[in-house]
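Chain and residue survey
Listed below are the residues making up each chain.
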Amino acid sequence: MTDSRVKVLGNIRRTLNRTELSPLSDVPPNVPSPRYRTLLPADLVEQFLRQHQQVHGTVEEVDSLRSVPQAVRRHLYEQSIPIQAVISPEPDLSSMDWEGLDVESRVANREDRSSVTMAFAGIAETGTLVMVSSKQSPVNHHFLPEFNIVVLRQSKLVDTMESLWPLIGEHPRAINLITGPSKTADIEQTIVYGAHGPRMLHVILVRDVFS
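Residues numbered from 1 in each chain as written. Predicted model: local features only at pLDDT ≥ 70, side-chain atom pairs only at ≥ 80, totals over all residues. Heavy atoms only, no water.

Comments concerning the sheet that holds strand 1 (residues 58–62)
Pairing between sheet strands relies on hydrogen bonds along the backbone, with the strands arranged either parallel or antiparallel. Worth spelling out the cut-off: Only strands joined by at least two bridges in the DSSP assignment are considered to pair. Here a strand is any run of E in DSSP of at least two residues, a helix any run of H or I of at least four, and the numbering for each starts at the N terminus. Every axis in this analysis is a line fitted to C-alpha atoms, fitted for helices over the stretch in contact. Angles between the N-to-C directions lie between 0 and 180 degrees. The contact definition used throughout considers only heavy atoms, calling two residues in contact when any of these lie within 4.5 Å.
Read across the open sheet, the six strands follow the order 1-12-7-4-2-3; overall the sheet is parallel. Only two strands of the sheet have a single neighbouring strand rather than two, namely strand 1 and strand 3 (102–105). Strand-to-strand twist across the sheet, computed as the mean angle between neighbouring axes with direction ignored, equals 25 degrees. In this sheet, strand 3 lies alongside strand 2 (residues 84–87) in parallel orientation, the contact comprising four bridges. In the sheet register, V86 faces strand 3, and the bridge partner there is E104. Packed on one face of the sheet, helix 3 (residues 68–78) meets strand 1, strand 2, strand 4 (114–118), strand 7 (147–153) and strand 12 (200–206) and runs near 150 degrees to strand 12.

Below you can see the structure in the form of structure tokens.
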């Protein structure tokens, strides 16, 4: 410690009427644990759908996974998009009957306009989709195509983010929390969709928890 620093600290101690530095306590401070109070309706589906639509996402509810391909086809047709998509190489998606749709099970690239993925979970409080990265669920599908269709099982809904973390066992490569389509207002305060990812985010919510 330099002489000038010793002098400055000495002046401070004399001003505080202290002759020496107080020893540090080995006892950690008593900091109360935070208390979260989140009041959600009993119907998590209703809460999730409301929040998802408030951030300009769209949704369709179906009864089982068998109904997903037709729901995808219906959405693409309504948006005047070519009836083709790249799907995540997941067993649930790969085993579906995609007759009438041109689908490829592979990693998405910038040339793909539409993608279909499976969500790990959904957070009802915020309408957020939880995507866990793996070889069967590559992150490209959530950011490169213009239209992202996400299949979410009703049984995978949780009330808050605090309820999500215990469900994630092994540490995944990455976790993406997606709330609505990509948008920004950086330019002249005008909302622009598709700034950093898909400009449309469509959820197919599967009611049949046993499908």
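Now that the structure is up, let's keep going.
Examining helix 3
Spelled out, the test is: Buried means the residue's accessible area, taken with a 1.4 Å probe over protein chains only, is under 20% of the maximum for its type, while exposed means over 50%, and partly exposed covers the values in between. As used here, the arc belongs to the directions running from the helix axis to the C-beta atoms.
Of the residues making up helix 3, those classed as buried are V68, P69, A71, V72, H75 and L76. Viewed end-on, helix 3 has its buried residues packed into an arc of 160 degrees, placing them on one side of the element. Looking at helix 3, the residues exposed on the side facing more than 90 degrees away from the buried face are Y77 and E78. The elements touched by buried residues of helix 3 are strand 1, strand 2, strand 4, strand 7 and strand 12. Just past helix 3, the residue S80 takes up positive phi, approximately 55 degrees.

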